[in-house]
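Spelled out from the first residue to the last, the chains are:
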Amino acid sequence: MLPLLLALSQTLSQTLSLSQALSQALSLSLKLSLSHSNSLSLTQTLSLFSLSSPLHPFLKRHASMRCIAVLSALVAVSSAYLKQMDITDLSAYPSDSTILVTGAAGFIGYHLAASLRELNNVVVGIDSFNDYYDVTLKEARAHKLERLGVVMLNVDICDESMLKTLHARYKFDYIGHLAAQAGVRYSVNHPHQYVHSNVDCFVTMLELLRHTPEVPLVYASSSSVYGKGASIPFTEDECSDRPTNVYGATKRMNELLAHAYNHLYGVKATGLRFFTVFGPFGRPDMAPYIFTDRISRGLPIDVYHTANNEEMRRDFTHVDDIVDGFMRAMKHAAPYDVFNIGRGEPVSVPQFIEMVESALQKKADRHDMPAHDAELMVTFANTSHAMRKLGYAPRVATQDGVDNFVAWYDWYSKKLQTGAGFPGKDTYLPANKMPELLTSTPTEQ
Ligand SMILES: NC(=O)c1ccc[n+]([C@@H]2O[C@H](COP(=O)([O-])OP(=O)(O)OC[C@H]3O[C@@H](n4cnc5c(N)ncnc54)[C@H](O)[C@@H]3O)[C@@H](O)[C@H]2O)c1
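Just so we're clear, the structure is a prediction, and the values are computed from it rather than from any experiment.

Caption draft 1: Molecular detail of the overall build of the chain. Within the chain one finds 18 helices and 13 strands. The buried share of the chain, reckoned over its 445 residues, is 43%. Pairs at least 24 apart in sequence give 81% of the contacts found in the chain among residues at least 6 apart.

Caption draft 2: Fine view of the pairing of strand S2 (residues 122-127). Of all six residues in S2, five are buried, a share of seventy percent or more. Looking at chain direction, strand S1 (residues 98-102) and S2 are connected through five bridges and run parallel. If you follow Val101 over to S2, its bridge partner there is Gly125. Handedness of the S1-helix H6 (residues 107-118)-S2 crossover: right-handed. Sheet topology places S2 next to strand S3 (residues 151-154); four bridges connect them, and they run parallel.

Caption draft 3: Local environment of the site of the ligand. Close to the ligand lie 27 residues; Gly103, Gly106, Phe107, Ala180 and Ala220 are nearest. Mapped by element, the contributors of at least two residues to the shell around the ligand are H6, helix H10 (191-210) and strand S5 (217-222). Ranked by the residues each element gives to the shell around the ligand, the list is headed by H6, at three residues.

Caption draft 4: The environment of Val356, seen in detail. Residue position: Val356 is located in helix H14 (residues 349-360). Look at Val356 and you get buried, because 25 C-beta atoms sit within 10 Å. Residues Val356 and Gln399, 43 residues apart in the sequence, show an inter-C-alpha distance of 8.2 Å. Beyond its immediate stretch of four places on either side in the chain, Val356 contacts Phe291, Thr292, Ile295, Val402 and Val406.

Caption draft 5: Representation of the pairing of S5 in the model. Extensive coverage of S5 is indicated by the burial of six of its six residues. Every second residue of S5 is oriented toward a common face, with Leu217, Tyr219 and Ser221 on one face and Val218, Ala220 and Ser222 on the other, all of them buried. Bridge analysis of S5 against strand S6 (residues 269-274) gives six bridges, and the strand direction is parallel. Along S6, the bridge assignment pairs Tyr219 with Gly271. Handedness of the S5-helix H11 (residues 246-265)-S6 crossover: right-handed.

Caption draft 6: Seen up close, the sheet that holds strand S11 (residues 336-341). Read from one edge of the open sheet, seven strands run S3-S2-S1-S4-S5-S6-S11, paired in parallel fashion. Edge positions in the sheet fall to S3 and S11, since each of these pairs with one other strand and no more. On average, each strand axis in the sheet is inclined to that of its neighbour by 20°, with strand direction left out of account.

Caption draft 7: Just the packing of helix H12 (residues 287-296) against H14, in detail. Between H12 and H14, the shortest axis-to-axis distance is 10 Å and the interhelical angle comes to 45°. Considering the angle they form, H12 stands oblique to H14. In this structure, H12 crosses over H14, and the sense of that crossing is right-handed. Residues Ala287, Phe291, Thr292, Ile295 and Ser296 of H12 pack against Val349, Ile353, Val356, Glu357 and Leu360 of H14. Its residues placed into classes, the contact of H12 with H14 shows seven nonpolar, two polar and one charged.

Caption draft 8: Representation of unusual backbone geometry in the model. Cis geometry is adopted by the peptide bond preceding Pro233, which originates at Ile232 and carries an omega value of 0°. In this structure, Pro233 sits in the loop between S5 and H11. With a phi close to 50°, Ala333 is a non-glycine residue in the positive phi region. Along the chain, Ala333 falls in the loop between helix H13 (319-332) and S11. Ala333 gets classed as partly exposed once you count the C-beta atoms within 10 Å, which come to 18. The backbone of Gln361 shows a phi angle near 55°, a positive value even though the residue is not glycine. In this structure, Gln361 sits in the loop between H14 and strand S13 (366-370).

The rules behind each value
- Residues numbered from 1 in each chain as written.
- Predicted model: local features only at pLDDT ≥ 70, side-chain atom pairs only at ≥ 80, totals over all residues.
- Helix = DSSP H or I, 4+ residues; strand = E, 2+ residues; numbered from the N terminus.
- Buried ≥ 20, exposed ≤ 12 C-beta atoms within 10 Å, placed from the backbone.
- Contact = placed C-beta atoms within 7 Å.
- Pairing = 2+ DSSP bridges.
- Right-handed = clockwise from strand over helix to strand, strands pointing away.
- Near = placed C-beta within 6 Å.
- Axes fitted to C-alpha atoms, helices over the stretch in contact; angles between N-to-C directions.
- Parallel < 35°, antiparallel > 145°, perpendicular 65-115°, else oblique.
- Left-handed = near helix turned anticlockwise from the far one by under 90°.
- Nonpolar A, V, L, I, M, F, W, Y, C, P; charged D, E, K, R; others polar.

Have a look at this one:
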């Protein structure tokens, strides 16, 4: 990249006038600092500017011109920085607060808890460590969270008395609710598990807040609430009463129950409809993980399509964007609302597979399969409601997200191969962590 830029600089400096060259320098440095704003420090960006500037050979000879160029670089870099700060305006997120994250040993809960902790919040993470998929991955996440200073507890969200005890002790300022039985396919044969965790226990969460309705609850809903007849892209005011699977039905039920509790008791509840989330520490039952795992081990992958060979398209969304939307929704604390949190740019599954192939530098052995009737052929988020109300703007390009996920997969599989174990889920039982919790009497708030 840099040699190419240098060659370009030299050519430009020979052909452009001084003013043209200055404006080229400014715009090039702006572009560079913006495109690298996530990964480069100010000094790195400045030195990149001086190397990539079209004036580079000219500046070497003229000291006064160097001053002007440095000044213009500073203007460019500071505006890039201001712009970047604008995007990640930290005041849009909760900080210095006490927050309960349910499902914290899960994929999204882990990322949310880690980010909230980084913002100087006291974070209590609970999870029942169920064995829907390999518990080792949940233990790995819990271990990382504990090292970040999150209080991790092996607690079931259906344990009303424990939830009351925790709320009485910590007096949560926010609750991020991610614990649920996830997965569309699994819900076909295990409907009761979904109704139990996602409906019964959701009511337990709402009951917890009935006496402290001012504490904002942000919970995970899903793009699965949209049925097959939904217009594309999906918008929140779509009727959504025709889900194609039990999982989607339980998520829609959450939104309806949240509405009832808001109406009756003023509970502040915001539902976020996530769209195919992927990223480091991602779920082993989801396509990004399955594709990466099987392609890298030389195993065939199933690729689903309709009877008339229509490709499936998914609005793959990187977990960093999901967490950004989640924290914005927490701080926004709407009395009642529902938002699509997706990327808003669906990618066909074969295209996604090509991205994985490119990250792995390995070709997939694809097996075409007819799609299950429970699955939607396309998911596509209209995110304008979240953009308008929350300032949500997804930033992670799909290929970048895939590269990031594959790098993590590589790290994690090596970790597993070397047998590096993580503390077991029983480590986090309240009896082992906070025996005093079990003896204290919860006080009603
Ligand atoms: N990952 C996605 O693409 C996606 C898309 C739409 C919605 N969602 C929703 O987002 C939330 C988080 O999803 P995820 O991908 O992180 O899933 P996940 O399965 O990795 O995380 C859920 C966690 O909740 C825990 N849990 C389940 N039942 C529990 C209970 N009764 N008590 C305590 N903990 C319990 C599980 O052990 C798990 O660790 C879920 O509500 C899911 O339905 C996820």
